[in-house]
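Residue strings, one per chain:
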Amino acid sequence: MKVKYIGAVSDPLELIRGRIYECLGREKDRYRVIDETGEDYLYPVEEFEEIETTQ
């Protein structure tokens, strides 16, 4: 699935506001997102807007 980062903090070493990221899945109230480091980390779902889902 693809998600757009809409969080308040924009850090070029983690997440950039307005950029679309690959999301590997949801774990409770967090998305596992591949960030600017190329690694996947858990981030709060309220900081993202879902763009595309995979069926």
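Residues numbered from 1 in each chain as written. Predicted model: local features only at pLDDT ≥ 70, side-chain atom pairs only at ≥ 80, totals over all residues. Heavy atoms only, no water.

J.: Can you walk me through the overall build of the protein in this structure?
T.: A count of helices and strands for the protein gives zero helices and five strands. Element order for the protein, N to C, with α for helix and β for strand: β-β-β-β-β. Computed over C-alpha atoms, the radius of gyration of the protein comes to 10 Å, within 12% of the 10 Å expected from 2.2 N^0.38 for 55 residues, which places it in the range of a compact globule. Once the C-alpha set of the protein is aligned to its principal axes, its extents read approximately 30 × 20 × 20 Å. Within the span of the protein, comprising 55 residues, buried residues form 27% of the whole. Taking the contacts inside the protein whose residues are at least 6 apart along the sequence as the reference set, 30% of them involve residues at least 24 apart. (Helix = DSSP H or I, 4+ residues; strand = E, 2+ residues; numbered from the N terminus. Rg over C-alpha atoms; globule rule 2.2 N^0.38 Å. Buried < 20%, exposed > 50% of the residue type's maximum accessible area, 1.4 Å probe, protein only. Contact = heavy atoms within 4.5 Å.)

J.: Where do I start with the environment of D11 in this structure?
T.: Within the secondary structure, D11 is located in the loop between β1 (2-5) and β2 (20-27). By relative accessible area, D11 is classed as partly exposed at 26%. In this structure, the C-alpha to C-alpha distance between D11 and E36, residues 25 residues apart in sequence, is 9.0 Å. Here the side chain of D11 touches L13 through a polar contact of 2.9 Å, landing on its backbone nitrogen. (Polar contact = N/O pair within 3.5 Å; in protein donor to acceptor, adjacent residues only side chain to side chain.)

J.: Honestly, the nonpolar core in this entry has me stumped. Any pointers?
T.: Across soluble globular proteins, nonpolar side chains show a tendency to be buried alongside one another. In this structure, M1, V3, Y5, L15, Y21, C23, Y31, V33, Y43, V45 and F48 together form the largest nonpolar core, which totals eleven residues. Beyond its immediate stretch of four places on either side in the chain, V33 contacts V3, L15, Y21, E22, C23, E39, D40, Y41, Y43 and F48. (Core = buried A, V, L, I, M, F, W, Y, C linked by side-chain atoms within 4.5 Å.)

J.: How should unusual backbone geometry be read in this particular structure?
T.: Excluding glycine, residues mostly have negative phi values, and the peptide bonds linking residues are mostly trans. Look at K28: it is not a glycine, yet its phi comes out positive at around 60°. Locating K28 in the fold gives a position in the loop between β2 and β3 (30-34). Residue classification places K28 among the exposed positions, given a relative accessible area of 78%.

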